[in-house]
Amino acid sequence: MRFVLTYEDISLWMHNFLDIDIQVEAFCSESGQFCITSPDVGIRKLLPECYRRYNQYFYIEAFDTACVTINIAGLYGRDELFYRLFARYVNYCCMTDVIEQIPRGRIKIHLKRIPLTRDICLQSLILTEKGIEITFAEDLNLYEHLRMVQLFLRAGYTKVRIIPEDMPYSGFWFSDDTLDYTLVMADHPADIRLYSSFHVMEWMGLEGKIPPKSFHPLYPTTQIDYQYGDVKVEIPVTIAEPEINAITIQRNCKRVQEEIAGAIAEVLDNLQPTQYD
């Protein structure tokens, strides 16, 4: 199977999963240059300038079905320090040793230690004019996960994550500038669900005062539940296209937002004084 990560995709993926910006430029099918930039936010603003932006040449030295070895060319004192810090940072974010440091400025990326690519059987890896092109043994589940993460990030969503396998359902977590969402996948499109929730703050004094039937969904297929201080809105995902795409996600997220806006209004209605207050 063939999958292409454009260089813009790479930047989006690194910002999403590692909170850093990486720009990659290819010179040929095996070598190029990368630039790592630390976002200018929070305490990172105080980093020494030489650690906020870093340029380096690299080439793909070797790969097998589960690992890729990259040679970081021309390492000097500061380069060596930066590359070691980068490897430690990535391993910290991934909570496992994804990057193995090898003598003479090389790093080995262990794909099977990354949850997303754990089952990959890599067949080729080349740099093209458009991006990094990878081929791997047929794995429809892996391909769909790659496609969906790419879809979310290209559509402008943030905090995109694949739901871990130890959860009772599979799918994706993602956010926009309004809500956090959970997309629960299923074997049949009719069973795919999207939901989000909001918390009713304890200081509002509504604990035990919100009747179970106080919510009135805009659509008959919407489910709204209130439990443990959270109002959860769940809808069946409407798919009008051949497959889930950005339009599908945006349409369904808008519907969830409409339902939550109504649910918030109904929660606030419970604050109205009554003759018993």
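For the structure, see preceding data.
Please read all numbers here as calculations on a predicted model, not as lab measurements.

A. Molecular detail of the overall build of the chain. Helix and strand counts for the chain stand at 5 helices and 15 strands. Across the 277 residues that make up the chain, the buried fraction comes to 40%. By sequence separation, contacts in the chain at least 24 residues apart represent 51% of the contacts at least 6 residues apart. Of the roughly 16,300 Å² of accessible surface on the chain, 56% is carried by carbon and sulfur atoms. Distance from the positive charge centre (26 side chains) to the negative charge centre (39 side chains) of the chain: 5 Å.

B. Geometry of the sheet that holds strand β13 (residues 193-199). In space, the 6 strands of this open sheet follow the order β10-β11-β12-β13-β15-β14, with antiparallel pairing throughout. The open sheet has two free edges, formed respectively by β10 (158-162) and β14 (223-227), since each of these has just one partner strand. Across the sheet, the axes of successive neighbouring strands diverge by a mean angle of 20 degrees, strand direction being ignored. Examined bridge by bridge, strand β11 (residues 171-175) and strand β12 (residues 180-184) share 5 bridges and lie antiparallel to one another.

C. Structural view of the sheet that holds strand β2 (residues 21-26). Read from one edge to the other, the open sheet built from 6 strands follows the order β2-β3-β4-β5-β7-β6, with strand pairing classed as antiparallel. The sheet terminates laterally at β2 and β6 (99-102), the two strands that pair on one side only. Neighbour-to-neighbour, the strand axes of this sheet turn through a mean angle of 30 degrees, independent of strand direction. Here strand β5 (residues 67-72) runs beside strand β7 (residues 106-110); their pairing, made up of 5 bridges, is antiparallel. Paired with Asn-71 across the two strands is Arg-106, which belongs to β7.

D. How the structure looks around a nonpolar patch on the surface. On the surface, a cluster of nonpolar side chains totalling about 230 Å² of accessible area is made up of Ile-264, Leu-268 and Leu-271. Assignment of secondary structure puts Leu-271 in the segment after α5 (246-269). Residue class for Leu-271 comes out partly exposed when judged on its relative accessible area of 39%.

E. Spotlight on unusual backbone geometry. In this structure, Met-95 takes a positive phi of about 60 degrees despite not being glycine. Mapped onto the elements, Met-95 comes out in the loop between α3 (77-94) and β6.

F. Inspection of the pattern of salt bridges at higher detail. Counted by the stated rule, this structure contains 14 salt bridges. Measuring nitrogen to oxygen at the nearest pair gives 3.3 Å for the salt bridge that ties Asp-19 to Arg-44. Placement of Asp-19 in the loop between α1 (7-18) and β2 and of Arg-44 in the loop between β3 (31-37) and α2 (49-52) is noted, with a sequence separation of 25 residues between them. Of the charged contacts, one joins Glu-243 and Arg-147 as a salt bridge, the two residues approaching to 3.5 Å between their closest N and O atoms. With a gap of 96 residues between them, Glu-243 in the loop between β15 (230-236) and α5 and Arg-147 in helix α4 (residues 140-154) connect regions that are remote in the sequence. A network of salt bridges, in which partner residues are shared, links Asp-40, Glu-49 and Arg-52.

G. The arrangement of the packing of aromatic side chains in detail. This structure, assessed with the given rule, holds 10 aromatic pairs. Ring centres 6.4 Å apart and planes at 50 degrees place the aromatic pair Phe-34 and Tyr-54 in the tilted group. Here the residue Phe-34 occupies a position in strand β3, and Tyr-54 occupies one in strand β4 (residues 53-63), the gap between them amounting to 20 residues. Pairing Tyr-157 with Phe-174 gives two aromatic rings, centres 5.1 Å apart and planes at 80 degrees, and the pair type is edge-to-face. Pair noted here: Tyr-157 is in the loop between α4 and β10 and Phe-174 is in strand β11, with a separation of 17 residues, a long-range link. The residues Tyr-157 and Phe-174 share a single accessibility class, namely buried. Grouped by ring-pair contacts, the aromatic residues Phe-152, Tyr-157, Phe-172, Phe-174 and Tyr-181 constitute a single cluster. Directly above the aromatic system of Tyr-195 lies the positively charged group of Lys-232, at a separation of 4.2 Å from the ring centroid. Note that Arg-255 overlies the ring of Tyr-219, its terminal NZ or CZ placed 4.5 Å from the centroid.

Scoring rules and cut-offs
- Residues numbered from 1 in each chain as written.
- Predicted model: local features only at pLDDT ≥ 70, side-chain atom pairs only at ≥ 80, totals over all residues.
- Heavy atoms only, no water.
- Helix = DSSP H or I, 4+ residues; strand = E, 2+ residues; numbered from the N terminus.
- Buried < 20%, exposed > 50% of the residue type's maximum accessible area, 1.4 Å probe, protein only.
- Contact = heavy atoms within 4.5 Å.
- Areas by Shrake-Rupley, 256 points an atom, 1.4 Å probe, with all protein chains shown as cover.
- Lys, Arg positive; Asp, Glu negative; His and termini not counted.
- Charge placed at Lys NZ, Arg CZ, Asp CG, Glu CD.
- Pairing = 2+ DSSP bridges.
- Axes fitted to C-alpha atoms, helices over the stretch in contact; angles between N-to-C directions.
- Patch = residues over 30% accessible without salt bridge, like charges linked within 9 Å, V, L, I, M, F, W, Y side chains within 5 Å.
- Salt bridge = Lys/Arg side-chain N within 4 Å of Asp/Glu carboxyl O.
- Phe/Tyr/Trp six-rings, centres within 6.5 Å; stacked < 30°, edge-to-face > 60°.
- Lys NZ or Arg CZ within 6 Å of the ring centre and 35° of its normal.

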